[in-house]
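# Notes for the structure review
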Amino acid sequence: MTIEMLYGKLHRATVSDANLNYVGSITIDKELMDAAKLRVGQKVDIVNVNNGERFSTYVIEGEKFKRDICLNGAAARKAEIGDIIIIIAYASMTTQDADTFKPHVVLLDDKNNIEEIRDYV
């Protein structure tokens, strides 16, 4: 049996841009992606702390150290620039793997700088 478990999370990211006319997805600074162990094309859930919206999309790699968190396409209607969001990735794993797996949780400040990285919940 496999179960869905938290894999990686960017906690309290600030939306820096929203581009309605893009094909879709969320663009994330490469350093932030690496810290949370996110991959290009990976499905993520987005939770908007400001308005309660929850939706899924996929990751596009942004320029390293630019600190961009940009919602693209239809997702741009789900948040405004300056909104605080949580970006969550999950992974399917066996119950045995889930017992020992440590998710990659990255806490951000209001400018999307890394404050802390936790490899546990």
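Above this text is the structure in question.
So, a few notes on the structure that sits alongside this text.

Criteria and cut-off values
- Residues numbered from 1 in each chain as written.
- Predicted model: local features only at pLDDT ≥ 70, side-chain atom pairs only at ≥ 80, totals over all residues.
- Heavy atoms only, no water.
- Helix = DSSP H or I, 4+ residues; strand = E, 2+ residues; numbered from the N terminus.
- Rg over C-alpha atoms; globule rule 2.2 N^0.38 Å.
- Buried < 20%, exposed > 50% of the residue type's maximum accessible area, 1.4 Å probe, protein only.
- Contact = heavy atoms within 4.5 Å.
- Areas by Shrake-Rupley, 256 points an atom, 1.4 Å probe, with all protein chains shown as cover.
- Lys, Arg positive; Asp, Glu negative; His and termini not counted.
- Charge placed at Lys NZ, Arg CZ, Asp CG, Glu CD.
- Core = buried A, V, L, I, M, F, W, Y, C linked by side-chain atoms within 4.5 Å.

### Section: the overall build of the protein chain
Helix and strand counts for the protein chain stand at 2 helices and 9 strands. Its C-alpha atoms give the protein chain a radius of gyration of 14 Å, near enough to 14 Å, the size a compact globule of 121 residues would have. Its C-alpha atoms put the protein chain at 45 × 30 × 25 Å along the principal axes. Within the protein chain, the fraction of its 121 residues that count as buried is 45%. A sequence separation of at least 24 residues applies to 78% of the contacts in the protein chain between residues at least 6 apart. Accessible surface computed for the protein chain: about 6700 Å², of which carbon and sulfur atoms make up 48%. Of note, the protein chain has its 15 positive side-chain charges centred 1 Å away from the centre of its 19 negative side-chain charges.

### Considering the nonpolar core
Counting residues in hydrophobic clusters, the biggest one holds 23 residues, and the most contacted among them are L10, I26, I28, L38 and I87. Contributing elements (two or more residues each) for this core: β1 (2–14), β3 (25–29), α1 (30–36), β4 (43–48), β5 (54–62), β6 (69–72), β7 (84–94) and β8 (104–108). The leading source of residues in this core is α1, at 4 residues. Ignoring any residue separated from it by four or fewer positions in sequence, one finds I87 in contact with G8, K9, L10, A13, I26, I28, L38, V44, D45, I46 and I69.

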